[in-house]
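Residues per chain are reported as follows:
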Amino acid sequence: MPYVDGFIVPVPKKNLEAYIRISKKCGKIWREYGALDYREWVADDVKVGKFTSFPRSVKLKPGEVVVFAWITYKSRAQRDKINAKVMADPRLKDMFGKDTSPPFDGKRMIYGGFESLVKV
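What comes next concerns the included structure.

About the thresholds
Residues numbered from 1 in each chain as written. Predicted model: local features only at pLDDT ≥ 70, side-chain atom pairs only at ≥ 80, totals over all residues. Heavy atoms only, no water. Core = buried A, V, L, I, M, F, W, Y, C linked by side-chain atoms within 4.5 Å. Buried < 20%, exposed > 50% of the residue type's maximum accessible area, 1.4 Å probe, protein only. Helix = DSSP H or I, 4+ residues; strand = E, 2+ residues; numbered from the N terminus. Pairing = 2+ DSSP bridges. Axes fitted to C-alpha atoms, helices over the stretch in contact; angles between N-to-C directions. Contact = heavy atoms within 4.5 Å.

**A short note on the nonpolar core**
Here is step 1 of the chain: Core analysis: the largest hydrophobic core is formed by 13 residues, its most contacted members being Cys26, Trp30, Ile71, Tyr73, Val86 and Met95.
Here is step 2 of the chain: Those elements giving two or more residues to this core turn out to be helix H1 (16-32), strand S3 (64-73), helix H3 (76-88) and helix H4 (90-95).
Here is step 3 of the chain: Per-element accounting of this core gives the leading share, 4 residues, to H1.
Here is step 4 of the chain: Within the second largest apolar cluster, 7 residues are counted, among which are Phe7, Val11, Val67 and Ala69.

**A word on the sheet that holds strand S1 (residues 3-12)**
Here is step 1 of the chain: Judged by pairing direction, the sheet is antiparallel, and its 4 strands sit side by side in the order S2-S3-S1-S4 without closing on themselves. Two strands lie at the open edges of the sheet, namely strand S2 (37-42) and strand S4 (110-115), each paired on one side alone. When the angles between neighbouring strand axes are averaged without regard to direction, this sheet yields 15°.
Here is step 2 of the chain: Summarising the sheet, S2 and S3 pair through 6 bridges and their orientation is antiparallel. When the bridges of S3 are listed, tryptophan 41 appears paired with phenylalanine 68.
Here is step 3 of the chain: Most of the contacts of H1 go to S2, to which it runs at about 165°, and overall it touches S1, S2 and S3.
Here is step 4 of the chain: Lying on the sheet, H3 is in contact with S1, S3 and S4; it crosses S1 at an angle near 50°.

If you want it as structure tokens, here you go:
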């Protein structure tokens, strides 16, 4: 059964091009290790809700935009194997090493794994 990792993250608009460059590299690495799909989307129509919303969930600050993404796998077991390989890959470590700060605030990233529920 398909499995998806999903995440949302706030990205400063001034860092969006750098974020895109890193995302393309990350997507290639995940796909190389067996992910079926890697997609990232930038918010275009997400309003700040009265109680909850994408902007509120990541504590969006002025000058930032929400990025919504998912990575699709054949199964949870495949996801676990692929992610272990990705996290050990030196290319990823080079992008996010101790001397390199990412172009986003990872502390405000929301992520998790999801089982398939409905397919139409």
